[in-house]
Amino acid sequence: LDRLNLRGDERILDLGCGRGAVLLLAAQHLTTGRAVGVDLWRRVDQSGNSPEATRRNALAEGVADRVELHTADMTALPFGDNSFDVIVSSMAIHNISGRAGRERAVREAVRVLRPGGRLLIADVRGTRPHQAQLAKIGMNEVTGRRLRWPFMARLVTATKPDDRS
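Remember, predicted model here, so these are calculated numbers, not experimental data.

Undergrad: Would you explain the pairing of strand β3 (residues 67-71) in this entry?
TA: Looking along a regular strand, one sees the side chains alternate between the two faces of the sheet. Judged from the 5 bridges that link them, strand β2 (residues 34-39) and β3 form a sheet pairing that is parallel. The residue bridging Ala 35 from the neighbouring strand is Val 67, located in β3. Read from β2 through helix α2 (residues 51-61) to β3, the crossover connection turns out right-handed.

Dropping the structure here:
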């Protein structure tokens, strides 16, 4: 997030935000922007997972005024096209059953990402197919690299082409 050089007025979406670790870090980079988290809040994916737990964490971190939570499936996001400047997903997409579902989640992320916006997906598996999918659908600056933590995780990043170019 530090490397994105955010202005502070962005709309950031966290797919599968859970209790808010990445969502709240994103919110700390904002002044007038919004950090929006979506999750199905399934405890099988993360113990103690609930919107109430995430709200409590946002209050504790002093960013509740910049955080918005939605119960939503990341394969069918309840947002319009081109709604977010940055989309992040950390250790969440692998929880979707089946490759087709994970591909739908990536397509949905691209759909709601604004032209020129950045997508960052960190996960423990499936990132190479995400990287190939993003390149195939025409995203720019598609990269993948191994992260130091957590063990075996990879980060895939991409930029949505700017329609003005």
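Resuming the write-up.
Undergrad: Explain the pattern of salt bridges to me, please; I cannot follow it from the model alone.
TA: When the charged atoms of two side chains lie near each other, side chains of opposite charge can form a pair. This structure, assessed with the given rule, holds 9 salt bridges. With a closest N to O distance of 3.7 Å, Arg 7 and Glu 10 form a salt bridge. Assessed through its relative accessible area of 62%, Arg 7 is described here as exposed. For Glu 10, a relative accessible area of 4% puts it in the buried group. With a shortest N-O distance of 3.5 Å, Arg 34 and Glu 68 are connected by a salt bridge. Taken as a pair, Arg 34 in strand β2 and Glu 68 in strand β3 lie far apart in primary sequence, 34 residues in all. According to the relative accessible area criterion, Glu 68 is partly exposed, its value standing at 23%. Shared partners join several salt bridges into a network, and the residues in it are Arg 7, Asp 9 and Glu 10.

Undergrad: Would you mind showing me how to read the packing of helix α3 (residues 99-112) against helix α4 (residues 127-136) here?
TA: Angle between the axes and distance between the axes are the two parameters that describe a pair of packed helices. At a closest axis distance of 11 Å, the pairing of α3 and α4 adopts a crossing angle of 50°. With respect to each other, α3 and α4 are oriented oblique. For α3 against α4, the interelement crossing comes out right-handed. Along the contact surface, α3 presents Arg 99, Arg 102, Glu 103, Val 106, Arg 107 and Val 110, while α4 presents Pro 129, His 130, Gln 133 and Leu 134. Of the residues contributing to the contact of α3 with α4, the split by class is 4 nonpolar, 2 polar and 4 charged.

Undergrad: What is the right way to read the packing of aromatic side chains from this model?
TA: Aromatic rings considered in pairs are described by the distance between their centres and by the relative angle of their planes. Using the criterion set out here, one finds 1 aromatic pair in the structure. Their ring planes at 85° and their centres at 5.0 Å tell us that Phe 79 and Phe 84 sit as a pair that is edge-to-face. Like Phe 84, Phe 79 is buried.

Undergrad: Explain unusual backbone geometry here, please?
TA: Most peptide bonds take the trans form, and the phi angle of most residues other than glycine is negative. Even without a glycine there, the phi angle at Asn 5 is positive, about 50°. Mapped onto the elements, Asn 5 comes out in the segment before β1 (11-15). We classify Asn 5 as exposed; its relative accessible area is 65%. Notably, Met 91 is not glycine yet its phi reads approximately 55°, a positive angle. Within the fold, Met 91 resides in the loop between β4 (84-90) and α3.

Undergrad: Mind showing me how you'd approach the nonpolar core here?
TA: Grouped burial of nonpolar side chains is what soluble globular proteins tend to show. Membership of the largest hydrophobic core comes to 25 residues, with the highest contact counts inside it found for Leu 13 and Ile 87. Broken down by secondary-structure element, the contributors of at least two residues to this core are β1, β2, β4, α3, β5 (113-123) and β7 (154-159). When near neighbours in sequence (up to four residues on either side) are disregarded, Leu 13 contacts Val 36, Val 38, Leu 77, Phe 79, Phe 84, Val 86, Ile 87, Val 88 and Val 112.

Undergrad: Just checking my understanding: could you explain the layout of surface pockets for this structure?
TA: In this approach, a probe sized like a water molecule rolls over the atoms, and the result shows the empty space that is left. Taken as a whole, the largest pocket encloses approximately 1500 Å³ of empty space. Surrounding the largest pocket, 49 residues form its lining, Val 22, Ser 89, Ser 90, Met 91 and Ala 122 being those nearest its centre. Those elements giving two or more residues to the lining of the largest pocket turn out to be α1 (21-28), β2, β4, α3, β5, β6 (140-146) and β7. Among the residues making up the lining of the largest pocket, the classes are represented as 22 nonpolar, 15 polar and 12 charged. The volume enclosed by the second largest pocket comes to roughly 160 Å³. At the level of elements, β4 and β5 are the ones that each hand at least two residues to the lining of the second largest pocket. A breakdown of the residues in the lining of the second largest pocket according to their chemical character gives 3 nonpolar, 2 polar and 4 charged.

Rules behind the numbers
Residues numbered from 1 in each chain as written. Predicted model: local features only at pLDDT ≥ 70, side-chain atom pairs only at ≥ 80, totals over all residues. Heavy atoms only, no water. Pairing = 2+ DSSP bridges. Helix = DSSP H or I, 4+ residues; strand = E, 2+ residues; numbered from the N terminus. Right-handed = clockwise from strand over helix to strand, strands pointing away. Salt bridge = Lys/Arg side-chain N within 4 Å of Asp/Glu carboxyl O. Buried < 20%, exposed > 50% of the residue type's maximum accessible area, 1.4 Å probe, protein only. Axes fitted to C-alpha atoms, helices over the stretch in contact; angles between N-to-C directions. Parallel < 35°, antiparallel > 145°, perpendicular 65-115°, else oblique. Left-handed = near helix turned anticlockwise from the far one by under 90°. Contact = heavy atoms within 4.5 Å. Nonpolar A, V, L, I, M, F, W, Y, C, P; charged D, E, K, R; others polar. Phe/Tyr/Trp six-rings, centres within 6.5 Å; stacked < 30°, edge-to-face > 60°. Core = buried A, V, L, I, M, F, W, Y, C linked by side-chain atoms within 4.5 Å. 1 Å grid on protein atoms, 1.4 Å probe; cavity = no way out; pocket = protein on both sides within 12 Å on 5 of 7 lines; lining within 4 Å. Points joined across faces, edges and corners; volume = space filled by probe spheres on them.

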